[in-house]
Amino acid sequence: MNKIGSEKILVGGMQPLTMIDFPGRLASVIFTQGCNLRCRFCYNRSLLGEKSADPLTWESVIDFLRDRQGFIEGVVFSGGEPCLQPGLLDALREVRELGFEAALHTNGFFPDTVEQALKERLLQFIAVDFKAPFDKYQAVTRQQIDEKAYGRLADILVTTGVKHEYRTTVHPGLLSDSDIMQMADWLCDRNVSNYAIQKFKYGEALDPSLPPVKSAWLQPATIFKLRSRFTGFILRSDDSDADSLKKAA
Ligand code: SF4
């Protein structure tokens with residue numbers, strides 16, 4: 001197949017090895033450049049613009065992956081928003097031809113791209129961000145969302161049976177427990193069974209007015225409810241969280 005031009009997929013960085021971004025697989029992560037959202041909690045600000053300060057050519061990425069054939073099992077496309085890249089599907093095809101499994105981390109705004117990738121069996125795992133209840137999307141991400149298109153993606157993932165996970169980053173100043181339960185209801189209505197809640201990481205957030213999260217950021221009762229509603233519920237907290245929160249998880 002023709003090699004895709006590096007201009008068709010802009011790579012802002014790579015993580016050589018991860019054991020957490022592609023469940024069950026040793027993988028490398030490719031961070032694509034550019035995003036259509038501006039989430040207030042985003043800590044990838046260097047990946048948001050259209051140009052990277054330190055881009056990698058696609059050829060160098062492929063050389064790196066070739067050197068690791070037989071060692072790593074998967075390649076994760078993250079960002080930024082990978083589905084903005086015109087060369088994403090070609091890049092996935094190339095990675096699959098090298099014998100790797102592929103994963104996508106997406107904000108969920110591009111169901112057509114994901115659908116095509118699944119038709120070609122290019123993706124083995126998909127993580128989808130669920131940023132906020134739909135009426136709060138603008139406030140949290142600086143972008144309106146098309147609920148119908150977002151829902152179509154959930155239907156595609158559930159119908160095809162591809163391994164997937166929905167994820168919400170929580171800052172109590174942006175989302176309440178009731179917001180989270182509203183989002184959980186929406187996911188359950190669509191038969192999504194894997195949901196991860198992750199704590200806001202302080203330090204590099206796009207919105208510098210967001211304070212660090214020191215007090216309880218989720219009620220234990222909310223965690224119990226979430227656990228009972230999703231067969232695959234994950235709480236990604238950190239060492240500063242109270243024992244009660246960790247036990248509830
Ligand atoms: S957190 Fe939001 S703004 Fe940041 S890369 Fe992800 S979708 Fe884009």
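All of the points below concern the structure found in this document. (Residues numbered from 1 in each chain as written. Predicted model: local features only at pLDDT ≥ 70, side-chain atom pairs only at ≥ 80, totals over all residues.)

## Quick word on the pairing of strand β3 (residues 74–78)
Note the following rule: Buried means a residue has 20 or more other C-beta atoms within 10 Å of its own C-beta, exposed means 12 or fewer, and partly exposed covers the counts in between; C-beta atoms are placed from the backbone. Going along the chain from the N terminus, every DSSP run of H or I of four or more residues is numbered as a helix, and every run of E of two or more is numbered as a strand. DSSP-based pairing: two strands are paired if at least 2 bridges between them are found. If the strands point away from the viewer and the path from the first strand over the helix to the second runs clockwise, then the crossover is right-handed.
Across the five residues that make up β3, a large majority, five, are buried. With burial as the criterion, each face of β3 is covered, one bearing G74, V76 and S78 and the other bearing V75 and F77. In the sheet, strand β2 (residues 27–32) pairs with β3 via five bridges, with the strands oriented parallel. Across the sheet, residue V29 finds its bridge partner in β3, namely V76. Assessed by its sense of winding, the connection that carries the chain from β2 through helix α1 (residues 58–67) to β3 is right-handed. Summarising the sheet, β3 and strand β4 (residues 101–106) pair through four bridges and their orientation is parallel.

## A short note on the packing of helix α6 (residues 177–189) against helix α7 (residues 220–229)
Two numbers describe a pair of packed helices, the interaxial angle and the distance between the axes. How we decide: Axis lines are fitted through C-alpha atoms, for helices just across the contact stretch, and the angle between N-to-C directions can take any value from 0 to 180 degrees. Our angle categories are set so that under 35 degrees counts as roughly parallel, over 145 as roughly antiparallel, 65 to 115 as roughly perpendicular, and the remainder as oblique. Contact between residues is assigned whenever the C-beta positions, reconstructed from backbone atoms, fall within 7 Å. Residues are sorted three ways: Asp, Glu, Lys and Arg are charged, Ala, Val, Leu, Ile, Met, Phe, Trp, Tyr, Cys and Pro are nonpolar, and all the rest, Gly among them, are polar.
As a packed pair, α6 and α7 sit with axes 11 Å apart at the nearest point and diverge in direction by 5°. On the basis of their axis angle, the class for α6 and α7 is roughly parallel. Facing D177, I180, M181, A184 and C188 of α6, the residues of α7 in contact are T222, K225, L226 and R229. Of the residues in the contact of α6 with α7, the class split is five nonpolar, one polar and three charged.

## A short note on the environment of D129
Considering the arrangement of structural elements, one finds D129 in strand β5 (residues 125–129). Sequence separation between D129 and E165 is 36 residues; the distance between their C-alpha atoms is 8.6 Å. The residues contacting D129, other than those within four sequence positions of it, are N107, G108 and R167.

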